[in-house]
Amino acid sequence: GDRTRPALHPLDWLGCALAGAASETGAIFRTHAAQQPRGAARVLLAGQHTAQTTAFANGAFGNVLEMDDVHREAILHPGPVVVPAALALATELDSTGAALLDAIIRGYEAEIRIGRAMGPAHYRQFHPTATCGPFGAVAAAASLLSLTAGQTTHALGNAGTQAGGVWQCRAEPVMTKQLHTARAAAQGLEAAQLAALGLSGPRYILEGPLGIFAGLAPDARPDRVLADPDAPWLIHATSFKPWPACRHCHPAIDAALALRDRAPPDAVATIEVASYADALTFCDRAEPRTTLEARFSLQHAVAVALAEGKPALHHFDPVAFPRFAALRARITAREEARFTAAYPARFGAAVTITLHDGMTHTVNIPDALGDPENPLPEADLLAKARMLMASAGVDAEPLIIASLALTEGASARHLNAVLPHAASPSPAFAGEDRDGGQPPETFAA
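Residues numbered from 1 in each chain as written. Predicted model: local features only at pLDDT ≥ 70, side-chain atom pairs only at ≥ 80, totals over all residues. Heavy atoms only, no water.

Quick look at unusual backbone geometry now. Across the junction of Tyr343 and Pro344, the peptide omega takes the value 5 degrees, indicating a cis bond. Structurally, Pro344 can be placed in the loop between helix H17 (337-342) and strand E5 (349-355). With a phi close to 55 degrees, Asp94 is a non-glycine residue in the positive phi region. One can find Asp94 in the loop between helix H4 (79-93) and helix H5 (97-116). Its identity as a non-glycine residue notwithstanding, Asp228 has a phi of 55 degrees, on the positive side. Here Asp228 is to be found in the loop between helix H11 (223-226) and helix H12 (250-259). Given a relative accessible area of 46%, Asp228 falls into the partly exposed group. (Helix = DSSP H or I, 4+ residues; strand = E, 2+ residues; numbered from the N terminus. Buried < 20%, exposed > 50% of the residue type's maximum accessible area, 1.4 Å probe, protein only.)

And the structure:
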């Protein structure tokens, strides 16, 4: 099948991961990697290591900025788990670019299919990328290792038995989400490697009486695992994120951007954001105090979009917060039933501005930019990668060329060879603070 679009996902991950690796959180994982055995695969900004170490470290980096790809129905991020696991193993095995892309496609398929079966109650308590990510990493690794159907079943079972990732990290300003993605990538890779050596695992890990659905997903929808077997690969239904904020903020950002030419900010008396229930649960945060809180604030994201236009990394630095305080104070957020009814199949929002003269303007966004119904143009995706890599002090062009060359026969080692191995933390992260202030209420996908 066509591997052109799937090649954009590792490129998108690279931009997110390189910027994440240059952050405060990334520095911790780079230091940890430096203490591990050396090998053939490259940890971003930290040198060469074993596939296990590389999958773990690189698995952490891609989620730091909240700009990683996302599947709406499953409400999880395939890229920061599947791509680092697949790239690390493919480099170690000297796999072809075609084999790497096929592995990524299969990894996305497994993670998303299981994720969309978990149900809303699971999402309330667990981070789906943590619980379902190992299945994606297993499927990608099994593809590269040419595991038999039986070996793959064992590997999937052993990945599932390690499922975890409770959401307490949503309630505290901590770095645990990156540990979730790191662990998911490494666990899945390890389960596949062990299966290749003969380690058995539970066949009925999902539907068994003591399995995933029974233990972690009280309203699971098991039929969603195998539904629509002839549909296009689910990587094509995965969304790219253009803005450095939680995905739940994106439709509101898009609406605010569309309103910018209706009136200058000084003419605006009040701003109302209407969206689905989860958007408010996770992102109704009128006064962010840290970079992380700002990325999970509808009020801050909308204020930035109205005042400055397209949100950039520096807009979420605490140094910038005072510039948007007056505008944030005019913003209220509420749930709207039509958006909640459409969610999670569609991420929608509306923003209404009321001017001082009483005139109102409303923009409705049924699908966020980057969703399949509202796709992000490839030129914009490349611009995003360049911006993120530049924030880490990395020349983007060799990486863009090498990533896209995977579809033309270039090997995984060719991409690995051009990955950067040293950079200084970017000024974009100078204000990053995960520990200060009172804990936020919730942080999510």
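Once you've had a look at it, read on.
Applying the stated criterion to the full structure yields 20 salt bridges. Residue Arg224 pairs with Glu73 through a salt bridge whose shortest N-O separation is 2.9 Å. A residue pair is termed long-range when its members are at least 10 positions apart, and Arg224 in helix H11 and Glu73 in the loop between helix H3 (51-61) and H4 qualify at 151 residues. By relative accessible area, which is 19% here, Arg224 ends up buried. (Salt bridge = Lys/Arg side-chain N within 4 Å of Asp/Glu carboxyl O.)

Right, let's get into the state of the cysteines. Across all of its chains, the model carries 0 disulfides by this definition. Left unpaired, Cys16 is separated from the closest cysteine sulfur, that of Cys246, by 14 Å. We note that Cys249 lacks a disulfide partner, and the nearest cysteine sulfur, in Cys283, lies 3.7 Å from it. (Disulfide = S-S within 2.5 Å.)

The subject of this paragraph is the confidence of the model for the chain. In regions of low pLDDT, the predicted coordinates are not meant to be interpreted in detail. Confidence in the prediction of the chain, expressed as mean pLDDT, is 92, and 94% of residues score 70 or more. Across residues 422-445, where pLDDT falls below 50, the model places 88 contacts with residues more than four positions away in sequence or in other chains. (pLDDT = per-residue confidence, 0-100. Contact = heavy atoms within 4.5 Å.)

Turning next to the nonpolar core. Counting residues in each nonpolar core, the largest one holds 84 residues, and the members touching the most others are Leu44, Ile104 and Met389. Ranked by the residues each element gives to this core, the list is headed by H4, at 9 residues. When near neighbours in sequence (up to four residues on either side) are disregarded, Met389 contacts Leu11, Leu14, Gly15, Leu18, Val394, Ala396 and Leu399. Grouped together as the second largest cluster of nonpolar side chains are 55 residues, Leu298, Leu306, Phe347 and Leu376 included. (Core = buried A, V, L, I, M, F, W, Y, C linked by side-chain atoms within 4.5 Å.)

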